[in-house]
Structure formats: structure tokens, C-alpha cells
Amino acid sequence: MNKFEVHEQLDKVILVSDIHENWQALKKIVDLPEYGKSDYTLIFLGDYTDANGSNLHEPIKVINFIMDQVKNYGALAIHGNHDDMLYGTAIGDSDKFFNWGNNGILETQKLLGLTPNDINIELTKNELNEKYFEYVDFLDKIPYGIEDQNRLFIHAGINWTKKNYHDTSVEDLIWIREEYFFSNFSKASLYDPVKRPIVDKNWHKNKSSKVIVAGHTPSYFLSADQLNPIVEMKNNQNDFPRYDIDGGSHSADVEAALNILILDKNGNEIRRDRLLA
């Protein structure tokens, strides 16, 4: 699979991330007025399975919908960290399997009709390849990032210490947090957003010269708003904006919702929406 895919013919985009088995919200995406129009492309930014909220979890419906949208309706999709753990398990990566063990494997296995197990990778590997070979193949083909001349879509973020953001490791593309968000991440605590003042000077400068959209981190940790709204980050008024669109569907502490961000081909924001379960 490619780390990044370039799609220079993209026009307007509908972006959603961190679905985490939330079919009751995801199925409403077809009701958006932009959905299905030829000049809009639907893009999924990762994390399709694993959840720990009290809302209804329906991973099979979620992954079948996403695969169908990509195969038959021109949608695009990338890996998130949870997809990478499942895929890594399916190809025999024990580190990914045991990491998945700390990130919701047992509940997801039950919902997928697999044997609950966080010890024997061969058992889960074989069951995934037998029962979900189409999904494993799908994950094998999708990239970790999608970009064009003006926009970059990734799951978590990029590593600013790299001279070229394309050199960001796969692990950072799907896991990075503080180092991507903040100018001085050692002082800007991600896990205490109420005490940390949300001011522009805290955001890291966007060195990519592109509008960046990612998820991975529930936006509560950036906004101190428990509804997890879309957060726009700019180091200064001339900076290229970055968006965090993770609506908190993984834990669904307040509500099981998915944020929708719609951009034009230059990266300008058209509008936002929010899909509730």
C-alpha cells in the first residue's frame, strides 16, 4: 500500500473521521445535500472499528458501507490507528495484535463474530482472513494519507521535525498528538484542556503549505467542549489552517456523533455538519 496517494482531480470533499462502529450516525451521511453530487468526493479518515461508549456498536454495517462507498461510489478512505491494528493482526504482526489488545480488541471480536482472544494472534489472524478477507484486502489497498495541491487528509497528524512531511512515519501518521498540535507541547497539556488556555500562539505552525484535516484526537482535548466540535488551528492569521474533526464517537461520553467538514478544491471551508446517532 502507499503511504500517501495523490488525487489532483479532486474537487469539493466531504470529510468524516473516527466512526468507531457508529452506524446509526454514519448512515445519515447519505442525507447530506452534497452527498452523491458529481463534484463532491466523500473521504473517510480512518478508525472504522473499536468503541467503548454506551451507544449501539455496529462494526459490520460500518465496514460494509465504507467498502461499498469506495468500490461503487467513488469515495476514498485511509487508515487510522485502529484499522492498522486490525490489519496488522490479519497479516501476523504481533506488535499490532498486542497493541490492539489494549485498545478494544475483545469487544470488537465479539461484534465481528470472532473468538474473543487477546493472547493467540494466530487464532484471530486466521479468523479475520477467513471471515473478513474482503475487508483485509480493502485495508491492504488504502493509503495512510490523501493529498492534492492544496489539501492534505490524514488520520492523526504529521511530524514537524521532518524536512518533508512525506517522511513522517506511518506510526506518526496514525498516532501522533501533542507534537503535531502544539508549538511547545511539553507545556501545553493535551489531557487538561480546561486549565490550558486555548490561544493561537499554542498551535504549531503549519509547515506543509496545505490545509490539513485529521481526526484521531477527540476535539474536546483541544477545545474543552464536551460536544467535541470541529476545531480549526492556526498559529497566526497567515497560517494555513488545520482541522481536527474527531467528534468523540469512540467514547460517546456526551453523544454519539460524527463531525462533517466540507471543503472546496482550494481548501476553503464550505460548511460543517454533525450527524447524531
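A quick note: this is a predicted structure, and the numbers were derived from the prediction, not measured.

Cut-off values and rules
Note that residues are indexed from 1 along each chain, following the sequence as it is written. Reporting in this predicted model follows two pLDDT cut-offs: at least 70 for local features of residues, and 80 or more for side-chain atom pairs to be given and counted; totals over whole chains, interfaces and linings ignore these cut-offs and use all residues. Note that the side-chain values use all heavy atoms of the structure and ignore hydrogens as well as water. Numbering of helices and strands runs from the N terminus, with a helix taken as a DSSP run of H or I at least four residues long and a strand as a DSSP run of E at least two residues long. We compute the radius of gyration from the C-alpha atoms alone; for a globule the expected value is 2.2 Å times N to the 0.38, where N is the number of residues. Whether two residues are in contact is decided by their heavy atoms: any pair within 4.5 Å suffices. For this count, His and the chain ends are skipped, Lys and Arg are scored as positive, and Asp and Glu as negative. Charged side chains are reduced to one point each, which is NZ for Lys, CZ for Arg, CG for Asp and CD for Glu. Buried residues are those whose accessible area, probed at 1.4 Å on protein chains only, stays under 20% of the maximum for their type, while exposed residues exceed 50% and partly exposed ones sit between those limits. One bridge is not enough; two strands pair if DSSP finds at least two bridges between them. As used in this structure description, the phrase polar contact means that two N or O atoms lie within 3.5 Å; if the pair is within protein, one of them must be able to donate a hydrogen and the other to accept it, and residues adjacent in sequence are counted only when both atoms belong to side chains. Salt bridges are defined by distance alone: a side-chain nitrogen of Lys or Arg within 4 Å of a carboxyl oxygen of Asp or Glu. Simply put, an axis is a line fit to the C-alpha atoms, just over the touching stretch for a helix, and the angle between two N-to-C directions goes from 0 to 180 degrees. Two aromatic rings, drawn from Phe, Tyr or Trp (for Trp, its six-membered ring), form a pair once their centres lie within 6.5 Å of each other, and the interplanar angle then sorts them: stacked below 30 degrees, edge-to-face above 60, tilted otherwise. Whether a charge sits over a ring comes down to the Lys NZ or Arg CZ being within 6 Å of the ring centre and within 35 degrees of the ring normal.

(A) The arrangement of the overall build of the chain in detail. Helices and strands together make up the secondary structure of the chain, namely 10 helices and 11 strands. Relative to a compact globule of 277 residues, whose C-alpha radius of gyration would be 19 Å, the chain shows 18 Å and is just as compact. Each principal axis of the C-alpha distribution contributes one length, and for the chain these read about 50 × 45 × 35 Å. Considering only contacts within the chain whose residues lie at least 6 apart along the sequence, 69% involve residues at least 24 apart. Each charge class in the chain was averaged separately, 29 positive and 43 negative side chains, and the resulting centres sit 5 Å apart.

(B) Structural detail: the pairing of strand E2 (residues 12–16). For E2, the buried fraction is high: 5 of the 5 residues fall into the buried class. Because side chains alternate across E2, one face comprises the buried residues Lys12, Ile14 and Val16, and the other comprises Val13 and Leu15, equally buried. Examined bridge by bridge, E2 and strand E3 (residues 40–44) share 5 bridges and lie parallel to one another. What sits directly across from Leu15, in E3, is Ile43.

(C) Structural detail: the environment of Asn235. Within the fold, Asn235 resides in the loop between strand E8 (231–233) and strand E9 (242–244). Among the residues examined, Asn235 registers a relative accessible area of 22% and is labelled partly exposed. With 234 residues separating them along the chain, Asn235 and Met1 place their C-alpha atoms 33 Å apart. Here the side chain of Asn235 touches Trp203 through a polar contact of 2.7 Å, landing on its backbone oxygen. At 3.2 Å, the side chain of Asn235 and the side chain of Asn236 are in polar contact.

(D) Structural detail: the pattern of salt bridges. Applying the stated criterion across every chain yields a total of 13 salt bridges. One salt bridge connects Lys141 with Asp137, and the closest N-O pair in it is separated by 2.7 Å. Taken together, the residues Lys141 and Asp137, both in helix H7 (residues 133–141) and 4 residues apart, mark about one turn of the helix. Several salt bridges share partner residues, and in doing so they unite Asp11, Lys12 and Asp39 into one network.

(E) Main features of the sheet that holds E3. Here we have 5 strands laid out as an open sheet, ordered E4-E3-E2-E10-E11, and mixed in their pairing. Of all strands in the sheet, those bounded by a partner on one side alone are strand E4 (76–77) and strand E11 (269–276). Where helix H2 (residues 59–72) meets the sheet, its contacts fall on E3 and E4, and the angle it forms with E3 comes to roughly 140°.

(F) Broad picture of the packing of aromatic side chains. Counting across every chain of the model gives 11 aromatic pairs. Arranged with centres 6.4 Å apart and planes meeting at 85°, the rings of Phe44 and Phe65 form a pair that is edge-to-face. Taken together, the positions of Phe44 in strand E3 and Phe65 in helix H2 put the pair 21 residues apart, joining distant regions of the chain. With respect to burial, Phe44 and Phe65 carry one shared label: buried. Counting every residue linked through ring pairs, the aromatic cluster contains Trp160, Tyr180, Phe181, Phe182 and Trp203. In this arrangement the basic side chain of Lys12 is found over the ring face of Tyr40, its NZ or CZ atom lying 5.1 Å from the centre. When the ring centre of Tyr180 is taken as reference, the NZ or CZ atom of Arg242 above it lies at 4.6 Å.

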